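Structural characterization, general
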Amino acid sequence: MIDYSFSYADLEYFLLIFVRVASFVYIAPFFSMTNTPRNVRIGLSFFVTLVLYQALPKEEVVYHTLVGFTVIVLKEVVTGLLIGFGANLCTMIVSFAGRIADMEMGLSMASLFDPATRQNTSITGIYYNYIILLMLLISGMAEYLLKALAETFILIPVNGAVLKSDELLASMLDFMGNYVTVSFRICFPIFAVMLILNAVLGILAKVSPQLNMFAVGIQMKVLVGLCILFVTTAMLPDAGRFIYEQMKYMVVSFVEAMGGAV
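Everything numeric here is computed off the predicted structure, so don't read it as measured data.

In this section: the packing of aromatic side chains. For the coordinates displayed, the defined rule picks out nine aromatic pairs. Considering the side-chain rings of Phe 14 and Tyr 53, the 5.6 Å spacing of their centres and the 80 degrees angle between planes classify their relative orientation as edge-to-face. Taken together, the residues Phe 14 in helix α1 (residues 8-27) and Tyr 53 in helix α2 (residues 38-55) connect sequence positions 39 residues apart. Classification of Phe 14 as buried rests on a relative accessible area of 11%. The class for Tyr 53 is buried, based on a relative accessible area of 6%. Over the ring of Phe 153 we find Arg 20, and its NZ or CZ is 4.2 Å from the ring centre. The side chain of Lys 248 reaches across the aromatic face of Tyr 144, ending 5.2 Å from its centre.

Among the nonpolar cores identified, the biggest contains 67 residues, and Ile 17 and Ile 186 are the most heavily contacted of them. Those residues in contact with Ile 186 that sit more than four places away from it in its chain are Ile 93, Val 94, Ala 97, Tyr 128, Leu 236 and Ala 239.

Let's shift gears to helix α6 (residues 141-155). Along its 15 residues, α6 runs 20 Å from first to last C-alpha, staying within 8% of the 21 Å computed at 1.5 Å per residue. If you check which residues of α6 are buried, you get Met 141, Ala 142, Leu 145, Ala 148, Leu 149, Thr 152 and Phe 153. Down the axis, α6 shows its buried residues gathered within 150 degrees of arc, on one side only. More than 90 degrees from the buried face of α6, the exposed residues found are Lys 147 and Ile 154. Turning to α6, the residues buried within the fold contact α1, α2, α3 (66-88), α5 (123-138) and α9 (236-257).

Turning next to a nonpolar patch on the surface. A grouping of Tyr 8, Leu 11 and Leu 15 is seen on the molecular surface, where their side chains present a nonpolar patch of about 340 Å² in accessible area. Inspection of the secondary structure puts Tyr 8 in helix α1. On the accessibility criterion, Tyr 8 (71% relative accessible area) is exposed.

With that settled, the discussion passes to the confidence of the model for the chain. Averaged over every residue, the pLDDT of the chain is 79; residues scoring 70 or more account for 90%. Mean pLDDT across the elements of the chain bottoms out in strand β1 (residues 111-114) (67) and peaks in α2 (86).

Here α3 crosses α9 at 155 degrees, and the two axes come no closer than 8 Å. The orientation of α3 relative to α9 falls into the category roughly antiparallel. Relative to α9, the crossing made by α3 is right-handed. Here α3 contributes Leu 82, Ile 83, Phe 85, Gly 86 and Ala 87 to the contact with α9, which in turn contributes Met 247, Met 250, Val 251, Phe 254 and Val 255. Classifying every residue of the contact of α3 with α9 gives nine nonpolar, one polar and no charged.

Moving on to the pattern of salt bridges. Applying the stated rule across the entire model yields two salt bridges. Asp 238 serves as the salt-bridge partner of Arg 241, at 2.7 Å between the closest nitrogen and oxygen. With Arg 241 and Asp 238 both in helix α9 and three residues apart, this pair spans about one turn of that helix. Relative accessible area serves as the criterion here: at 47%, Arg 241 is assigned to the partly exposed category.

This paragraph deals with the environment of Gly 240. Mapped onto the elements, Gly 240 comes out in helix α9. For the pair Gly 240 and Glu 256, spaced 16 residues apart in sequence, the C-alpha to C-alpha distance is 24 Å. Discounting chain neighbours no more than four positions away, the residues touching Gly 240 are Ile 132 and Leu 136.

Because each turn of an α-helix spans 3.6 residues, side chains separated by three or four positions end up pointing in the same direction. An ideal rise of 1.5 Å per residue puts 28 Å on 20 residues; α1 measures up with 29 Å between its terminal C-alpha atoms. Residues of α1 that are buried include every one of Glu 12, Tyr 13, Phe 14, Leu 16, Ile 17, Val 19, Arg 20, Val 21, Ser 23, Phe 24, Val 25 and Ile 27, and no others. Taken together, the buried residues of α1 touch α2, α3 and α6.

Definitions and cut-offs
- Residues numbered from 1 in each chain as written.
- Predicted model: local features only at pLDDT ≥ 70, side-chain atom pairs only at ≥ 80, totals over all residues.
- Heavy atoms only, no water.
- Phe/Tyr/Trp six-rings, centres within 6.5 Å; stacked < 30°, edge-to-face > 60°.
- Helix = DSSP H or I, 4+ residues; strand = E, 2+ residues; numbered from the N terminus.
- Buried < 20%, exposed > 50% of the residue type's maximum accessible area, 1.4 Å probe, protein only.
- Lys NZ or Arg CZ within 6 Å of the ring centre and 35° of its normal.
- Core = buried A, V, L, I, M, F, W, Y, C linked by side-chain atoms within 4.5 Å.
- Contact = heavy atoms within 4.5 Å.
- Expected span 1.5 Å × (residues − 1).
- Arc of directions from axis to C-beta.
- Patch = residues over 30% accessible without salt bridge, like charges linked within 9 Å, V, L, I, M, F, W, Y side chains within 5 Å.
- Areas by Shrake-Rupley, 256 points an atom, 1.4 Å probe, with all protein chains shown as cover.
- Salt bridge = Lys/Arg side-chain N within 4 Å of Asp/Glu carboxyl O.
- pLDDT = per-residue confidence, 0-100.
- Axes fitted to C-alpha atoms, helices over the stretch in contact; angles between N-to-C directions.
- Parallel < 35°, antiparallel > 145°, perpendicular 65-115°, else oblique.
- Left-handed = near helix turned anticlockwise from the far one by under 90°.
- Nonpolar A, V, L, I, M, F, W, Y, C, P; charged D, E, K, R; others polar.

Structure representation (structure tokens):
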């Protein structure tokens, strides 16, 4: 005979799993985009929680007061947000590269709202971001993030998170170094070509003072910059591969900083 009993302890355990999953979906790449309907995100969180509840071994959540249960809920919220934030940080690399490229091309004043990062981003940043997100989706990054979230319940059980500020800070500092390096590598072809173009325009301004190099230079920078942008699109798979690896590294680093041994 099948037993369908569901106690209050089971409900508490289910809700705590749901809190961590929902917090992760709220901020993680792909799932947190503003063009993803809220009903879809809530439904995804619920069904992922349902699967995890059936798969994970049941553990008793011990607390004595309402404040104690509130602290446990907050710990699960912080755990889900930090894991999703660690992955979401890596999507900002291409946005930063796009800002540098647009500054060199003269398109820094033109901006659009990026649903991935939820902030105004340059046109080139949007272009880079959508290509990288498409590559990550094709490579199975969304499935990896869900698998990583499921494994966190084994490495960091419910009410088992212990924040280690030193390790979190070390992971962030390591990421910031890679953040600047990779962003500049992505936009380096445009930066180098614009530098050469500025040198050529400076020489022409000395040779032909009657020409208005300011008006000519703006048009040439936009035209040459767009040409280099599309020519160097073949380099983006390497950038996408690095971002993929960086996402894995950041998720693992944040899990280790919260008490999980990977």
